[in-house]
Amino acid sequence: MKNLLSILLFITITVFSTVGVSALNAPVLGICEDYPRGTMYDEIERDFELLAKYDITDLRISIAWGDVEFAKGYFDWWLLDDTVDLAEQYGIELYPYICYAPTWATRETWRSPPDDMADWYDFVYEVVNRYGDRIKFWELWNEGDNYEFWVGSWEQQLELVKVGAQAVKDADPEAITVFGGLTNLDSNHIRSIFSSGVADYVDAINIHFYHETWNPTPTEQIYPTVRRIKDVIKESGEQELWVAEIGYSDYVEEDGYVSYYVRTSHPYEKTQHFQAVTFGRQVTQLLASEDVSTVLWYEVKNLPLYSSAIGDVNNHYLGALDFDYFPKPLFFALASFVKLFDNPFDVTTEQIEVSVPNGTEPFFHAFTRENGDTLLIAWKRGIDKVEMGLEGIPPSGTILQYSITGNKTILPTLQSVTLDPEELTLIEVLQGKEARLSLTDLEVSPAEDGYLVRAVCGNIGNGLAESVVVEVFPSKELVFDGNAERTIPSLEPGEEYALEWLVEPGQEEGGQPRMWIVVRDGETPPAAELVYIQ
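Just so it is clear, the structure is predicted and the values come from calculations on it, not from any experiment.

**A few points about the overall build of the chain**
And then number 1: When its secondary structure is counted, the chain shows ten helices and 30 strands.
And then number 2: Taking 534 residues into account, the globule formula puts the C-alpha radius of gyration at 24 Å, and the chain, at 24 Å, falls close to it.
And then number 3: Dimensions of the chain, computed from the C-alpha atoms along their principal axes, are close to 65 × 65 × 50 Å.
And then number 4: Taking all 534 residues of the chain together, the buried fraction comes to 57%.
And then number 5: Within the chain, residue pairs in contact and separated by at least 24 positions form 74% of the contacts whose partners lie at least 6 positions apart.
And then number 6: On the chain, roughly 22,500 Å² of surface is accessible, and the fraction owed to carbon and sulfur atoms is 48%.
And then number 7: Side-chain charges in the chain split into 36 positive and 88 negative, and the spacing between the mean points of these groups amounts to 3 Å.

**As for the sheet that holds strand S27 (residues 485–491)**
And then number 1: The sheet built from four strands is open, its strands ordered S27-S25-S29-S30 with antiparallel pairing. The open sheet terminates on both sides in strands that have one partner only, identified here as S27 and strand S30 (527–532). Each adjacent strand pair in this sheet contributes to an overall mean axis angle of 20°, direction not counted.
And then number 2: With six bridges connecting them, strand S25 (residues 465–474) and S27 associate as antiparallel partners. Residue Val-468 lies in a different strand from S27, and its bridge partner there is Ile-488.

**Structural notes on the sheet that holds strand S13 (residues 292–298)**
And then number 1: Pairing within the closed barrel is parallel, and its eight strands lie in the order S2-S3-S6-S7-S8-S9-S10-S13. Each strand of the sheet is rotated relative to its neighbour by a mean of 30°, with strand direction disregarded.
And then number 2: Set on the sheet, helix H8 (residues 222–236) makes contact with strand S9 (204–209), strand S10 (240–246) and S13; between it and S10 the angle comes to about 140°.
And then number 3: In the packing of helix H10 (residues 329–340) onto the sheet, contacts are made with strand S2 (28–32) and S13, and the angle to S2 comes to roughly 155°.

**Remarks on the pattern of salt bridges**
And then number 1: This structure, assessed with the given rule, holds 32 salt bridges.
And then number 2: Between Arg-60 and Glu-139 there is a salt bridge whose closest N-O contact spans 3.0 Å. Note that Arg-60 is positioned in strand S3 (residues 58–64) and Glu-139 in strand S7 (residues 137–140), a separation of 79 residues in sequence. The pair formed by Arg-60 and Glu-139 is uniform in burial state, with each residue classed as buried.

**Observations concerning the packing of helix H5 (residues 117–131) against helix H6 (residues 154–171)**
And then number 1: Look at H5 against H6: their axes get within 8 Å of each other, and the N-to-C directions meet at 35°. Pair H5 / H6 crosses with right-handed handedness. Together, Met-117, Trp-120, Tyr-121, Val-124, Tyr-125, Val-128 and Asn-129 of H5 and Gln-156, Glu-159, Leu-160, Val-163, Gly-164, Gln-166, Ala-167, Val-168, Asp-170 and Ala-171 of H6 make up the contact between the two elements.
And then number 2: Residue composition of the contact of H5 with H6, by class: eleven nonpolar, four polar and two charged.

**A short note on the layout of surface pockets**
And then number 1: Here the second largest pocket is characterised by a volume of approximately 430 Å³.
And then number 2: Of all elements in the fold, only helix H9 (272–289), strand S19 (398–402), strand S20 (408–411), strand S29 (514–520) and S30 reach the threshold of two or more residues within the lining of the second largest pocket.
And then number 3: The biggest single contributor to the lining of the second largest pocket is S30, with four residues.
And then number 4: A breakdown of the residues in the lining of the second largest pocket according to their chemical character gives ten nonpolar, nine polar and six charged.

**Focus on the nonpolar core**
As a rule of thumb, nonpolar side chains are buried together in soluble globular proteins.
And then number 1: Counting 119 residues, the largest nonpolar core has Phe-48, Leu-59, Trp-120, Trp-138 and Phe-179 as its most contacted members.
And then number 2: When sequence neighbours within four positions are dropped, the list of residues in contact with Phe-48 reads Tyr-35, Leu-59, Thr-83, Leu-86, Ala-87, Tyr-90, Ile-92 and Leu-94.
And then number 3: Among the nonpolar cores identified, the runner-up in size contains 23 residues, and Leu-478, Phe-480, Leu-499 and Val-503 belong to it.

**Quick look at unusual backbone geometry**
And then number 1: Glu-299 follows Tyr-298 through a cis peptide bond whose omega is 10°.
And then number 2: Following the sequence through the fold, Glu-299 ends up in the loop between S13 and H10.
And then number 3: The phi dihedral of Asp-55 falls on the positive side, at around 55°, and the residue is not glycine.
And then number 4: Inspection of the secondary structure assignment puts Asp-55 in the loop between helix H1 (41–53) and S3.
And then number 5: In this structure Asp-55 comes out as partly exposed when scored by relative accessible area, which is 26%.
And then number 6: You will see that Tyr-325, though not glycine, has its phi angle at about 75°, which is positive.
And then number 7: Tracing the backbone through its elements, the reader meets Tyr-325 in the loop between S13 and H10.

**Section: the pairing of strand S16 (residues 363–369)**
And then number 1: Burial analysis of S16 places seven of its seven residues in the buried class, the great majority of the element.
And then number 2: Here S16 shows a buried face lined by Phe-363, His-365, Phe-367 and Arg-369 and a second buried face lined by Phe-364, Ala-366 and Thr-368.
And then number 3: Of the pairings in the sheet, the one linking strand S14 (residues 345–347) to S16 comprises three bridges and is antiparallel in character. Its bridge partner lying in S16, Phe-345 is registered against Arg-369.
And then number 4: Pairing geometry for S16 and strand S17 (residues 374–379), over six bridges, is antiparallel. By the bridge assignment, His-365 is partnered in S17 with Ile-377.
And then number 5: Linkage of S16 to S17, two consecutive antiparallel strands, is achieved through a turn of four residues, within which Gly-372 is found at a positive phi near 95°.

Thresholds applied
- Residues numbered from 1 in each chain as written.
- Predicted model: local features only at pLDDT ≥ 70, side-chain atom pairs only at ≥ 80, totals over all residues.
- Heavy atoms only, no water.
- Helix = DSSP H or I, 4+ residues; strand = E, 2+ residues; numbered from the N terminus.
- Rg over C-alpha atoms; globule rule 2.2 N^0.38 Å.
- Buried < 20%, exposed > 50% of the residue type's maximum accessible area, 1.4 Å probe, protein only.
- Contact = heavy atoms within 4.5 Å.
- Areas by Shrake-Rupley, 256 points an atom, 1.4 Å probe, with all protein chains shown as cover.
- Lys, Arg positive; Asp, Glu negative; His and termini not counted.
- Charge placed at Lys NZ, Arg CZ, Asp CG, Glu CD.
- Pairing = 2+ DSSP bridges.
- Axes fitted to C-alpha atoms, helices over the stretch in contact; angles between N-to-C directions.
- Salt bridge = Lys/Arg side-chain N within 4 Å of Asp/Glu carboxyl O.
- Left-handed = near helix turned anticlockwise from the far one by under 90°.
- Nonpolar A, V, L, I, M, F, W, Y, C, P; charged D, E, K, R; others polar.
- 1 Å grid on protein atoms, 1.4 Å probe; cavity = no way out; pocket = protein on both sides within 12 Å on 5 of 7 lines; lining within 4 Å.
- Points joined across faces, edges and corners; volume = space filled by probe spheres on them.
- Core = buried A, V, L, I, M, F, W, Y, C linked by side-chain atoms within 4.5 Å.

Structural measurements only, silent on function.
Following this line, the structure appears as structure tokens:
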């Protein structure tokens, strides 16, 4: 009699070692941040400078009507002018959503419909006319089906989007109009955009996801949800589907409470590390769907706990950086994914055969770039690790396994991989002459004046790495007087470079002293490792 535990479940899927005949995908992958009235110029520039350094150059921002047109016909443009100027300076593409009415226009709250839609039209026209030569994407309102952002009826929201979209096109006929982000993803709700005729005025429809933060739906339901919504759009139109706000907070209370509807299932959830892992899982599904043209993660920075926010405390824990700008793993995960998917690709899952122990449900997606490079991304839920067998992988190439923060190691063969519920398994099979940077031999030792931190950066790819930058981010508990950036002119394939830094304990108390070490070259995925100073 066969041992049932040894029976393997086989899942067959469509991957080509060379790209198929279907159109290649090249979706936008970026991030969101709001700069309300009172935001300082230096904060915006600091954000843009850091984002540009890591080639995160697509940014969704808000334009609050009430902040700009403080009285009918009277405008304060300085903050927007500065933001647009800085975006141009740092090569940031802006994706603004125009939202939130002044009370002079509603005679009620900022969430209310304007008394006269002509006031809304006039404001949208003014904004697009002012910046239309530098901004091409315009989203109308935000979460107009969510009571926290709109107290009017759905019919009034449809009319608002229609009038706003018309104003955009009147000011700039070449502009792209976007239906403001939706939280109600019911198929009939989406259909109402078409049955009302409003879809004729928009080029894209934006939907939002906060699974396992405010929505108890498992992360893995994003893929079928996106496919279903795109099918609804295809019934009546050709609009692009955007996910221009998606996020996952790392907030949790001791008893597992996250929000009114959400509790954790496992202790490893809702950590900064697992926030980055969840980012990878969610974005992978969106890219694998082939239905989403723009993905923008929320948001750049955590909000300080003393600051106000719409909604509950989770809003303070969504950022890729902490409020003091110390990076979270999410930041480097995003920077890595931006580079991994910056070349057109085909979704090529179905030719790879995977095998796992019976009863295990793996989530697996494969992608093939134009040059034949293959990306394999897999994970599982639960507690136990399992081995997943692989067949149909390209027979040659350099095999690299990635950490969630982009560090890489070489694998000699690829017959199986370990699926760890706490991690994201990401494998790259390189066919071309491309550099790939890594960090090894990280070590911390006591020194006379503090601690000596050592690391080795290397090029484990197949091509030359040029203008390599090694950067460190010390936490506030450390004093670092050295140069935070060092440049290595080039690294040949297989070449390594030893580095060291002297850090001292600081006066400021807080958590455990730690320091990010990052290596990047502007062309390939950066590699980052977090070093704890004992």
